[in-house]
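Fold and geometry: a report
Residue strings, one per chain:
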Amino acid sequence: MKKLTLAAMIIGGFAAQAQAQSNVTIYGLVDAGIVSERGGAAGNVTKVTSGIGGQSRLGFRGTEDLGNGLSAIFQLETGFKADDGTLDSTNTIFNRQAFVGLKSKEAGQLTIGRQYTPLYLAQSQVADPFGAGYAGTIKNLFPSAGANTRVSNALVYSTPTTGGFSADALYSLGEQQGSATAGRQFGLGLNYAQGPLNARLVYNNKNNDTAATLTTAAKQQDTGRNTMFAANYDFQVVKAFFAYGADKGVNSAVLPNSANPYNYTVAPKNSTDSNEVLVGAQVPVGSGSIMASYIRKNDKTAFNQDADQWALGYLYNLSKRTGAYIAYAKIKNKNGAGYTVGNNNEAGSGDKAFNLGIRHAF
């Protein structure tokens, strides 16, 4: 009888574990509008496009309570184009995010898969009054292309928040046969968010080698290194933004549009030594807010290909989940620089752009 009672308790324990509290959320964003680009060598263009303020997306997010403050988590997110219904990236399913991990109230969070870098999260969540979208996006002049935004094969650890402070660490395996460092990437972030102040100091390091460059006939490439400090402070009547970035090495600051958009005789160069400064603001007006920023790109190489961007926009909240927006930005390139005014999803084709659109979150 005692043996039967013990067996029943064990089976009951397994059943309770199997029925641990879990939930899955389906979420997304549909963003579409009209973009008018001016100043490119190929001519002006006006188009209906998707992902102007934020990329249109469909995602699945889930948690399972494992007990004792520990949870299993996952997130799968794909990008699509609302203007024609196609996937944002061909031959992929969850190109934006795809990870699984564990989260503890006391020990922090560890996730594995395709994820955002601390550098891009600081740019989009802290540094930019445009939230890395619209014509004024920080991505036009700050380095945000490719692996600076998100990386695959990544392990990310985030500490719990204590007194407003937290930290993030990312390590992405290069997975190059014969080398533990070729193609690898790591990033670090120190965060502070409490009251009206939000600040982050981040570092990103990308190894540009591949299996081919590590042969005896090839030369090992330089790493790309990015450091950025970003902060915003909410004064209630205005929210002020500031960011400073420093970039060194190969692929540390890749041009968003690498196709020589102004048809220069000598194509613009990717800077291997540069810095950027952003100052901006969000001002609550009516049921929305004005967004404004100025960005200065300082190329410290011999080419001295500097650029300045001015941007202004307005987001009107029709409801908690729906907004209409208008934005304009202009870039002044110097000494053959090739920077273009894009948006969240596109690199742009000229030195001026106008946006008008609507976005709905669900």
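Higher on the page you've got the structure.
Residues numbered from 1 in each chain as written. Predicted model: local features only at pLDDT ≥ 70, side-chain atom pairs only at ≥ 80, totals over all residues. Heavy atoms only, no water.

A count of helices and strands for the chain gives 2 helices and 17 strands. In summary, the chain has a C-alpha radius of gyration of 23 Å against a globular reference of 21 Å for 362 residues, a match within 12%. Along the first, second and third principal axes, the C-alpha atoms of the chain reach 90 × 65 × 45 Å. Looking at the chain residue by residue over its 362 residues, the buried ones come to 43%. When contacts within the chain are restricted to residue pairs at least 6 apart in sequence, those whose partners lie at least 24 apart make up 60%. About 17,900 Å² of surface is accessible on the chain, with carbon and sulfur atoms providing 60% of the total. Across the chain, the 31 positively charged side chains and the 23 negatively charged ones have centroids separated by 2 Å. (Helix = DSSP H or I, 4+ residues; strand = E, 2+ residues; numbered from the N terminus. Rg over C-alpha atoms; globule rule 2.2 N^0.38 Å. Buried < 20%, exposed > 50% of the residue type's maximum accessible area, 1.4 Å probe, protein only. Contact = heavy atoms within 4.5 Å. Areas by Shrake-Rupley, 256 points an atom, 1.4 Å probe, with all protein chains shown as cover. Lys, Arg positive; Asp, Glu negative; His and termini not counted. Charge placed at Lys NZ, Arg CZ, Asp CG, Glu CD.)

Time to look at the side chain of Asn-344. Here Asn-344 shows up in the loop between β16 (322-333) and β17 (352-361). Residue class for Asn-344 comes out buried when judged on its relative accessible area of 14%. Only 3.0 Å separates the side chain of Asn-344 from the backbone nitrogen of Gln-55, close enough to count as a polar contact. Once residues lying within four places of it in the same chain are set aside, the contact partners of Asn-344 are Gly-51, Ile-52, Gly-53, Gly-54, Gln-55, Tyr-120, Ala-132, Gly-133, Tyr-134 and Lys-139. (Polar contact = N/O pair within 3.5 Å; in protein donor to acceptor, adjacent residues only side chain to side chain.)

Remember that side chains alternate between the two faces of the sheet whenever the strand is regular. Judged by which residues are buried, strand β8 (residues 165-172) turns out to be one-sided: Ser-166, Asp-168, Leu-170 and Ser-172 face inward and are buried, whereas Phe-165, Ala-167, Ala-169 and Tyr-171, on the alternate face, are not. As paired elements, strand β7 (residues 150-158) and β8 share 5 bridges and run antiparallel to each other. When the sheet's bridge partners are listed, Ala-154 is paired in β8 with Ser-172. Between β7 and β8, which pair antiparallel and follow one another directly, the connecting turn spans 6 residues, one of which, Gly-163, has a positive phi of 60°. Here β8 runs beside strand β9 (residues 185-194); their pairing, made up of 8 bridges, is antiparallel. Note on β9: the bridge partner recorded for Ser-172 is Gln-185. (Pairing = 2+ DSSP bridges.)

Ranked by size, the top nonpolar core spans 35 residues in total, and within it Tyr-134, Phe-142, Met-228, Leu-278 and Tyr-339 carry the most contacts. Mapped onto this core, the elements with two or more residues apiece are α2 (118-127), β11 (224-234), β12 (239-253), β14 (288-299), β15 (307-317) and β16. The biggest single contributor to this core is α2, with 5 residues. Leu-278 has contacts with Ala-127, Asp-128, Pro-129, Ile-138, Phe-142, Phe-241, Phe-242, Ala-243, Tyr-294 and Ile-295, leaving out every residue within four places of it along the chain. (Core = buried A, V, L, I, M, F, W, Y, C linked by side-chain atoms within 4.5 Å.)

To continue, consider the side chain of Asn-226. Here Asn-226 lies in strand β11. A polar contact is formed between the side chain of Asn-226 and the side chain of Asp-247, at a distance of 3.0 Å.

Overall, the coordinates contain 12 salt bridges when judged by the stated rule. Ionic pairing is found between Glu-346 and Lys-47, a salt bridge with its closest N-O pair at 3.4 Å. Note that Glu-346 is positioned in the loop between β16 and β17 and Lys-47 in strand β2 (residues 45-50), a separation of 299 residues in sequence. Taking relative accessible area as the criterion, Glu-346 reaches 21% and is therefore assigned partly exposed. Residue classification places Lys-47 among the partly exposed residues on the basis of a relative accessible area of 26%. Across the pair Lys-334 and Asp-308 runs a salt bridge, and its minimum N-O distance is 3.2 Å. Note that Lys-334 is positioned in the loop between β16 and β17 and Asp-308 in strand β15, a separation of 26 residues in sequence. For Lys-334, a relative accessible area of 28% corresponds to the partly exposed category. When salt bridges that share partners are traced, they join Arg-296, Asp-306, Asp-308 and Lys-334 into one network. (Salt bridge = Lys/Arg side-chain N within 4 Å of Asp/Glu carboxyl O.)

Attention now goes to the pairing of strand β1 (residues 22-38). Bridge count between β1 and strand β3 (residues 57-67): 8 bridges; the pairing is antiparallel. Across the sheet, residue Asn-23 finds its bridge partner in β3, namely Thr-63. Bridge count for β1 against β17 is 10 bridges, and the pairing is antiparallel. Residue pairing for β17: Val-30 is matched across the bridge by His-360. The pairing of β1 with β2 spans 6 bridges and is antiparallel. By the bridge assignment, Ala-32 is partnered in β2 with Ser-50. Hairpin connection from β1 to β2: 6 residues lie between these consecutive antiparallel strands, with Gly-39 at a positive phi of about 100°.

What follows is about unusual backbone geometry. Phi is positive for Asn-153, which is not a glycine, with a value near 55°. For Asn-153, the position within the fold is in strand β7. If you check the backbone angles, Glu-175 has positive phi at about 55° while not being a glycine. Within the element layout of this structure, Glu-175 appears in the loop between β8 and β9.

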